[in-house]
Amino acid sequence: MPLFINRDQIFAHQVHLLEHKLRSKEERILELETENALLHLRLAECSGRQRRDHDEVTKAVNDHQLQSSTKKITQSALIKLLSGVQAVKHDLSELFAVYVSFATELEEQSKQLLEKVEQANSSLNGHSEDEFQNLQVRVAALEHSLEEERENCRAEKQKRKELHNTLVELRGNIRVHCRVRPVLPFDQIQSSTSGSGSASSEEVIHAVSDDTVMVNCVKAGMLVQNKMFEFERVHGPEESQEAVFEEVKSLLTSLLDGYNVCIMAYGQTGSGKTHTMMGSQFLDELSGTQQEAQQGIIPKAAAELFRLISEKPAESHTVEVSVMEVYNNEVFDLLARDEHSNAAGQRRDVITTASGASQVPSLTYETFPLFSRPVSNASEVMQIISSVLKLRAHCPTLVHADSSRSHLIVTLTVSSKSPNAVALARRLQSAKMDMRRSTQKEWWSPRCRRANLAAHHSADETSASPVSSPCSTPSLSPCPSPRRSITQTPFRTKLQLVDLAGSECAGMSGVSGAALWESSCINRSLSALSDVLGALAEHRPHIPYRNSKLTHLLQDAIGGDAKLLVMLCVSPTQRFITESLQSLGFGTRARQITRGNPCTCSFRSVDSSLMLGRKITQFPLK
């Protein structure tokens, strides 16, 4: 039994030894496998290196072959070029030889010609000097006569212009100018989006002269018909803002002479009304000179007004500014402020005073800068206007992305403490005409000035700045006091600058909803303006000023002896030809107005007016 146990232990010990050897063998196998893997990696690296070396060698061999072939080609080309250069040198040598022969021959011929010319001069010197002097005298006489003809032509043009202006004043003081804008990039965009192609962007309206517009009316299946429209002045697409204002500037002298003046821009949306009245919308991006050149009528008129006032005695004239808009047939005061002193357009009423002048009670007259003093220069006026332009109603339409939906009215009220001789004479003649009218009819009536004297004084006290036409304002009594009406009463006139809303129809603008109602109100107000002008042209006994707030507000500027200038702005393209013809027709009807003779006093010269002024000041007023 003990012998058997020992044998098992021996076997166990042997198994243990064998397992130990097996583990050592397995570890050796792992080491060999790891070493084999490392050798494989080294073999792969060597193979890759060998391939790269082989590729580099191949590439070097190819480059060498390419360089050798290029060298051979270059050598052959150089050989050909060298042969060509040698041929050119040979040709040049032959050409130089020909040139030398020609030069010598030409020199000889020129010497012969010079000898002949000298002989001819020597033969002509004896009797050509007198003829040459005669020719010089004739040329000088012709130049002098040409200069005289030019001066006569300029004088005749100026005389024609003055006579035409006089004729316009005798017919009723209404001038109609027309401005044709150039074709703009958005015309091409609108044509492409509307699907009408390049035909709708074709230019069909042309300024053929300084007073004539031609419209090419194209109809399908018919020949082109040219319609001609004549106005006092026509501005083409190439004319600048300064040229447009030069034709308007003379009206500002009439403003200081005691006339109410109105300049309004009429036309469809996108025809250039706001550009003509206000100027370019990118004025802030321009330099000083360019900015002044791109200004519209409103800033230029303000600058010219203050320039004219600066020539008058100091503190003799004051200017007040008011800005209104007519939106949906309601008048809004854009300079009115809320309880927080912020600009907020407030609704205002338009009334007709006992004298027949339109007036807006509680209208705000802005001072600058929030001090109790009137404006003193054009920059202050434009700063006030620019501060409230954002309150004007705008809405995008198919015609323009920023279409104005209201009529903008900028009023500059001028108060004169010492009117000039022309203005004084006008007021004297106005008083005489009022007295003559008062003796021809019964004085006492419900609308009598005497009956409404107290009401007139209360209205003057409550209104911020009552303005009326000096000629159309009757006297306060059948026998007005010269001292009160001429020397004490402030002489007040107003310059109204109007940027009307677009005159296109609702179908062209493509609006709906609230914007459609805006278009309806705009078209009705413009139709009322056309009715008023038509009534004035036909001399009807009743003028429908009150059919619209626009015409009611502009009653002083349209009727009476006020100076009115209508600036027609038209688009030149075929797409807007219907609206352009409507605007041109409106201007033609406005030119037909022949209002009654304005209560003006004609003077032979400036000296006679000054003499009349001296007589007025020397007259003992009691």
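Positions within a chain are numbered from 1, following the residues in the order the chain's sequence is written. Where totals are concerned, whole chains, interfaces and linings use all residues; where local detail is concerned, this predicted model gives features only for residues with pLDDT of at least 70, and gives and counts side-chain atom pairs only at 80 or more. Values shown for side chains rest on all heavy atoms present in the structure; no hydrogens or waters enter the calculation.

(A) Examining the pattern of salt bridges more closely. Think of a salt bridge as a Lys or Arg side-chain nitrogen and an Asp or Glu carboxyl oxygen that are within 4 Å of each other. Counted by the stated rule, this structure contains 20 salt bridges. The shortest N-O distance in the salt bridge between Glu246 and Lys249 comes to 3.1 Å. Among the ionic contacts, a cluster of salt bridges with common partners joins Glu147, Arg150, Glu151 and Arg154.

(B) Looking closely at the packing of helix H7 (residues 297–310) against helix H8 (residues 378–388). At their nearest, the axes of H7 and H8 sit 8 Å apart, and the two run at 145° to each other. Crossing of H7 against H8: the hand is right-handed. For the pair H7 and H8, contact is made by Ile298, Pro299, Ala302, Ala303 and Phe306 and by Ala378, Val381, Met382 and Ile385, respectively. Convention adopted: a line fitted to C-alpha atoms gives each axis, helices being fitted over their contacting stretch, and angles between N-to-C directions are expressed from 0 to 180 degrees. The helix count covers DSSP runs of H or I at least four residues long, the strand count covers runs of E at least two residues long, and both are numbered beginning at the N terminus. Throughout, a crossing is termed right-handed when the near helix is turned clockwise from the far one, and left-handed when it is turned anticlockwise from it by less than a right angle. Any two residues whose heavy atoms approach within 4.5 Å at even a single point are treated as in contact.

(C) Focus on the sheet that holds strand E4 (residues 225–230). Taken in spatial order, the 3 strands make up an open sheet running E2-E3-E4, and their pairing is antiparallel. Looking at strand neighbours, the two that pair on one side only are strand E2 (205–209) and E4, the edges of this open sheet. For this sheet, the mean angle separating the axes of adjacent strands, direction not counted, is 30°. Any two strands with at least two DSSP-identified bridges between them are counted as paired. Pairing analysis gives 4 bridges linking E2 to strand E3 (residues 212–217), with the strands arranged antiparallel.

(D) A look at unusual backbone geometry. Within the chain, Asn328 stands out as a residue other than glycine whose phi angle is a positive 55°. With respect to the helices and strands, Asn328 occurs in the loop between strand E7 (317–327) and strand E8 (330–333). The phi angle at His539 is positive, at roughly 55°, despite the residue not being glycine. In this structure, His539 sits in the loop between helix H13 (514–537) and helix H14 (549–553).

(E) Local environment of the packing of aromatic side chains. In summary, the pairing rule links any two rings of Phe, Tyr or Trp, Trp by its six-membered ring, whose centres are within 6.5 Å, and it sorts them by plane angle into stacked for under 30 degrees, edge-to-face for over 60 and tilted for everything else. For the coordinates displayed, the defined rule picks out 3 aromatic pairs. Two limits define a charge over a ring: the Lys NZ or Arg CZ must be within 6 Å of the ring centre, and within 35 degrees of the ring normal. In this arrangement the basic side chain of Lys563 is found over the ring face of Tyr259, its NZ or CZ atom lying 4.4 Å from the centre.

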